[in-house]
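# Observations on the model geometry
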Amino acid sequence: MPKIIAILNGKGGVGKTTTAVNLAATFAEQKKVLLIDADIQGSASWWFGRSQNTMKFDLSQSTDPKLLSHLQRITGYDLVVVDTPPALRSEALAAVVAGADYLVLPTPCAPMDLAILIETVQQAVIPMGKPHRVLLTKVDTRSLGEVLEAQNTLMEMGIPACKAFIRAYKAHERAALEGVPITQGRGKNAREAESDYRRVAEELKRDWRE
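Since this is a predicted model, take the numbers as computed values, not measurements.

### Some words on the overall build of the protein chain
- Helix and strand counts for the protein chain come out as eight helices and six strands.
- When its helices and strands are written in sequence order, the protein chain yields β-α-β-α-β-α-β-α-β-α-β-α-α-α.
- Computed over C-alpha atoms, the radius of gyration of the protein chain comes to 16 Å, within 12% of the 17 Å expected from 2.2 N^0.38 for 210 residues, which places it in the range of a compact globule.
- For the protein chain, the proportion of its 210 residues judged to be buried stands at 54%.
- As displayed, the protein chain has an accessible area near 10,000 Å², and 51% of this comes from carbon and sulfur atoms.
- Between the mean site of the 26 positive side-chain charges and the mean site of the 24 negative ones, the protein chain shows a separation of 4 Å.

This is the structure in structure tokens:
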């Protein structure tokens, strides 16, 4: 039985697909990984389609709630990562959350983004009793104080957050356009961007072992 991780947020444009693809690629260096694109926008599939077979993981696309309700029947993989639709009330999202073992919720630090994230946790995560962590994304390297402020806000609300966070680098956009994960990205800040996702992956693995 593979471990099933869902990447979710009720809002688009928060770094959800970037997180799904890059975590899948990072974990795929040591595990057999399947990425499921359950987002009707199909961004992960578009990215994967540009890859020229450079991705180390497999990809499947499905937005059908009936199919997504059978995630736990998947065999042949160590890990399944699901990129979910940014719609809190979608049947597809509900099906994925129900079958997931762990949830990662990417969000920028801005107050409006955090407010929607907190709503996502309260409506779609806590009722299901699933282990989860918030991942702060698109962090402005000139305003790292925002990270501590956001982490403290989440802590006060009893919402667990990753200590690691994802800084905003153009390298992420370049990697998507080139059809590669950030682990294979090139150019300015690519290695810094890669190291952020490696830290997140290590933190998640420690969380799973505890």
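Read on for the rest.
### Here we look at the packing of helix α1 (residues 16-27) against helix α8 (residues 190-209)
- Here α1 crosses α8 at 75°, and the two axes come no closer than 10 Å. The angle between the axes of α1 and α8 places the two elements in the roughly perpendicular class. Residues T18, T19, N22, L23, T26 and F27 of α1 form the contact with α8, whose own contacting residues are Y197, R198, V200, A201, L204, K205 and W208.
- Residues of the contact of α1 with α8, tallied by class, amount to seven nonpolar, four polar and two charged.

### Some thoughts on the packing of aromatic side chains
- One pass over the structure, following the stated rule, counts three aromatic pairs.
- Through a chain of ring-to-ring contacts, three or more aromatic side chains come together here, namely F27, Y102 and W208.

### Regarding the pairing of strand β3 (residues 58-61)
- Here four bridges tie strand β2 (residues 33-37) to β3, and the two strands are oriented parallel to one another. Its bridge partner being in β3, L34 is matched across the sheet by D58.
- Handedness of the crossover is the feature at issue here: the chain leaves β2, passes through helix α2 (residues 43-49), returns alongside β3, and the resulting connection is right-handed.

### Thoughts on the sheet that holds strand β6 (residues 132-136)
- What the six strands build is an open sheet, ordered β3-β2-β4-β1-β5-β6; its pairing is parallel. The outermost strands of the open sheet, each flanked by one partner alone, are β3 and β6. When the angles between neighbouring strand axes are averaged without regard to direction, this sheet yields 20°.
- In terms of strand pairing, strand β1 (residues 3-7) meets strand β4 (residues 79-83) through five bridges, oriented parallel. Each bridged residue has a counterpart across the sheet, and for I5 the counterpart in β4 is V81.
- Contacts from α8 reach β1, β4, β5 (102-107) and β6 within the one sheet, and its direction differs from that of β5 by about 150°.

### Side note on the layout of surface pockets
- One number sums up the size of the largest pocket: a volume of about 540 Å³.
- Elements with a contribution of two residues or more to the lining of the largest pocket: α1, α2 and α7 (170-178).
- Residues of the lining of the largest pocket, tallied by class, amount to nine nonpolar, ten polar and six charged.

### Observations concerning helix α5 (residues 111-125)
- Taking 1.5 Å per residue as the helical rise, α5 with its 15 residues ought to reach 21 Å, and the 20 Å between its terminal C-alpha atoms agrees with that figure.
- If you check which residues of α5 are buried, you get D113, L114, L117, I118, T120, V121, A124 and V125. Projected down its long axis, α5 carries its buried residues within an arc of 165°, all on one side. Among the exposed residues of α5, those pointing more than 90 degrees away from its buried face are P111 and M112.
- Buried residues along α5 sit against α4 (91-99), β5, β6 and α6 (145-156).

Reading guide: rules and limits
Every residue gets a number counted from 1 within its own chain, in the order that chain's sequence is written. Confidence filtering applies because this is a predicted model: local features only for residues at pLDDT of at least 70, side-chain atom pairs given and counted only at 80 or more, and all residues used for totals across whole chains, interfaces and linings. Calculation of side-chain values draws on the structure's entire complement of heavy atoms; hydrogens and water are dropped beforehand. Strands are runs of DSSP state E lasting at least 2 residues, helices are runs of H or I lasting at least 4, and numbering of each runs from the N terminus. All radius of gyration figures rest on C-alpha atoms, and the globule criterion is 2.2 Å times the number of residues raised to 0.38. Residue exposure (1.4 Å probe, protein chains only): buried if accessible area is under 20% of the type maximum, exposed if over 50%, otherwise partly exposed. Reported accessibility uses the Shrake-Rupley method at a 1.4 Å probe radius. Residues are deemed covered only where the shown protein chains occlude them. Only four residue types enter the tally: Lys and Arg on the positive side, Asp and Glu on the negative side, with His and both chain ends excluded. For this purpose, a charge sits on NZ of Lys, CZ of Arg, CG of Asp or CD of Glu. For helices, the fitted axis covers only the stretch in contact; all axes are lines through C-alpha atoms, and the angles between them, taken along N-to-C directions, range from 0 to 180 degrees. Any angle that is under 35 degrees is reported as roughly parallel, and any over 145 degrees as roughly antiparallel; angles of 65 to 115 degrees are reported as roughly perpendicular and all others as oblique. Contacts are assigned to residue pairs with any non-hydrogen atoms lying within 4.5 Å of each other. Classification used: nonpolar for Ala, Val, Leu, Ile, Met, Phe, Trp, Tyr, Cys and Pro, charged for Asp, Glu, Lys and Arg, polar for all others including Gly. For this analysis, a ring pair means two rings from Phe, Tyr or Trp (six-membered ring only for Trp) whose centres lie within 6.5 Å, classed as stacked if their planes differ by under 30 degrees, edge-to-face if by over 60, and tilted for the remaining angles. When DSSP finds two or more bridges between two strands, those strands count as paired. Here is how to tell: hold the view so the strands point away, follow the path from the first strand over the helix to the second, and if it runs clockwise the crossover is right-handed. The method works on a 1 Å grid over the protein atoms by themselves. A cavity is a set of points holding a 1.4 Å probe that cannot get out, a pocket is an open set with protein on both sides within 12 Å along at least five of seven lines, and residues with an atom within 4 Å of a point line them. Grid points are joined across faces, edges and corners, and a volume is the space filled by probe spheres set on the points. Take the number of residues in a helix, subtract one, and multiply by 1.5 Å to get its expected span. The arc in question is the one traced by the directions running from the helix axis out to the C-beta atoms.

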